[in-house]
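# An overview of the molecular structure
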Amino acid sequence: MSDTNTSTIRRSSARVKETPEQRARKQKIQLTAGIVVAVLLILLGLYIQTQNPKGAYIWMIGLGFGYTLQRSRFCFTASMRDPILTGSTDLTKAVIIALALASIGYMALQMKLTGVDLSNLGTENLKDVSKLPGHVRAVGVHTVIGGFIFGIGAVISGGCASGTFMRMGEGFVQQWIAIIFFIAGSVIGMVLMPIVQASPILYQKNPVYLPQLLGGWVPAIIVQFGLLFALYVLADWYGKKKAGEL
Amino acid sequence: MDEKKKYPFHEKYFKKEWSYATGSVLLAMLALALVIVTGGSWGVTGPLGMWGGKFLELIGINADSWKAYNGSLATYNFWKDQTAITDLGIVLGAFLSVLLATQFKIKKIKSMKNVWAAVLGGLLMGIGARLALGCNIGAFFTALPAFSLNGWVFWISIFTGAAVGSQLLKKYFM
């Protein structure tokens, strides 16, 4: 992926395509294009703001997601595929760190609404858990089936949802094809959903909120961070074992 | 390597890759910054079904009358849809990132296998995300840290799916 890699390959395979001058010229073109694109993105942000009261802010966060995913080669699919395919757990550990950090934030935001003793749950201010920040959503057989199908699809196509969009920006033609069928699949999924929801075996409509399930914030925090910590240790051990360090 | 000496500023700020940990911290911060200000949490796949429905309307199929849409297509507006805006942001943010790093390259399809992988993988992801009420972001990165059981269940399920997918990938698509 990186330039140093491709240049070594080129040198060794003796099919030298470009001179250093051509290379420098290409880089200059890309850098200029990058600056032009940056200006256009700002202008687009101004337009979005005219359409949506929080548009420019949302736009900046969205661009931030893309920039961060690309720069750090962060990939959710790889975090689940690599342990099996290559034995590497570096991304798995990175995902666990991100989950733990995000948990701290959601915990603070949610606690403000639920109250430390969950006393606000079910009152006028907070009718049900699905109104909380984050997606506290229905969990059941549909989650298992959906997640399983999604996992197969993400590995085969070479990118999950955020990964597909990121790779489209990087110039992968495969992901431009994948998004068309991702959209088609979403339509099929939407058509199937009322049928699934009508089946009590396939669909359970109630969300399960850990602080409520475990009887308070303290046990929920212990379970949440305890599990994440245990998984981090496991991933670290597994990665080292596979790399032959243990 | 000589380029490094020639343009140390560009190398340091635009070309150098970030560590995974940097990615972890920034993604968590951005996701929280989004929900704090807008009240809406980060998702990705929600709008895809709407775009598909809009396309069907465009080619003359009245999808809006289907139970799945139930009239929601008529009032759908891309720029009012927070998730649609961040989705476009991911594509163009990544595009900007590779351009500034001077690493943009159209990566062509190598064989028909890649096409089938994209077709099948895309379809499965679309269906799966609707059934699970979200994708690796909406049903996982925005659900698990929100102390919701569906995030944990989704993680286990997607991991199992990824294991099966890896075998299929090795057998048929590589």
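Throughout this document, residue positions are counted from 1 along each chain, in the order its sequence is written. For naming, the first written chain is A and the first written ligand is 1, with later ones following in the order written. Reporting of local features is limited, given that this is a predicted model, to residues whose pLDDT is at least 70; pairs of side-chain atoms are given and counted only at 80 or more, and all residues count toward the totals for whole chains, interfaces and linings.

Let's shift gears to the overall build of chain A. The number of helices and strands found in chain A is ten helices and zero strands. Secondary structure elements follow DSSP: runs of H or I no shorter than four residues count as helices, runs of E no shorter than two count as strands, and numbering proceeds from the N terminus. When the helices and strands of chain A are read in sequence order from the N terminus, they spell out α-α-α-α-α-α-α-α-α-α. Taken against the 2.2 N^0.38 rule, which gives 18 Å for 246 residues, the C-alpha radius of gyration of chain A at 23 Å runs more than 25% over that of a compact globule. Projected onto its principal axes, the C-alpha positions of chain A cover 70 × 55 × 40 Å. The buried share among the 246 residues of chain A stands at 43%. Any residue pair is listed as a contact if its two C-beta atoms, each placed from the backbone, are within 7 Å. Contacts in chain A between residues at least 24 apart in sequence constitute 55% of all its contacts with a sequence separation of at least 6. In this description the radius of gyration comes from C-alpha coordinates, and the expected globular size is given by 2.2 Å times residues to the power 0.38. Here exposure depends only on C-beta density: within 10 Å of a residue's C-beta, 20 or more other C-beta atoms make it buried, 12 or fewer make it exposed, and intermediate numbers make it partly exposed, the C-beta atoms being placed from the backbone.

Many analyses report the size of an interface as the accessible area lost when the parts associate. Contacts between the two partners involve 109 residues from chain B and, on the opposite side, 113 residues from chain A. Breaking the side of chain B that touches chain A down by element, the ones donating at least two residues are α3 (20-38), α4 (46-58), α5 (82-100), α6 (112-131), α7 (137-141) and α8 (149-173) of chain B. Classes in brief: Ala, Val, Leu, Ile, Met, Phe, Trp, Tyr, Cys and Pro nonpolar; Asp, Glu, Lys and Arg charged; the others, Gly included, polar. Counted by class, the side of chain B that touches chain A contains 68 nonpolar, 33 polar and eight charged residues.

A separate point is the confidence of the model for chain A. All names here are of chain A. The quantity known as pLDDT measures the predictor's confidence residue by residue, on a range of 0 to 100. Confidence in the prediction for chain A averages 92 pLDDT; 93% of positions are at 70 or higher. Of all secondary-structure elements in chain A, the lowest mean pLDDT belongs to helix α1 (residues 3-13), at 40, while helix α3 (residues 55-71) reaches the highest, 98. Considering only residues more than four positions removed or in separate chains, one finds that residues 1-15, a stretch of pLDDT under 50, has four contacts.

All right, on to helix α5 (residues 90-114) of chain A then. An α-helical turn contains 3.6 residues, so a residue and the one three or four places further along point in the same direction. Taking 1.5 Å of rise per residue, 25 residues should cover 36 Å, and α5(A) covers 35 Å from first to last C-alpha, within 8% of that figure. At the exit of α5(A) stands Gly115(A), carrying a positive phi of roughly 85°. Helix span is expected to be 1.5 Å times the residue number reduced by one.

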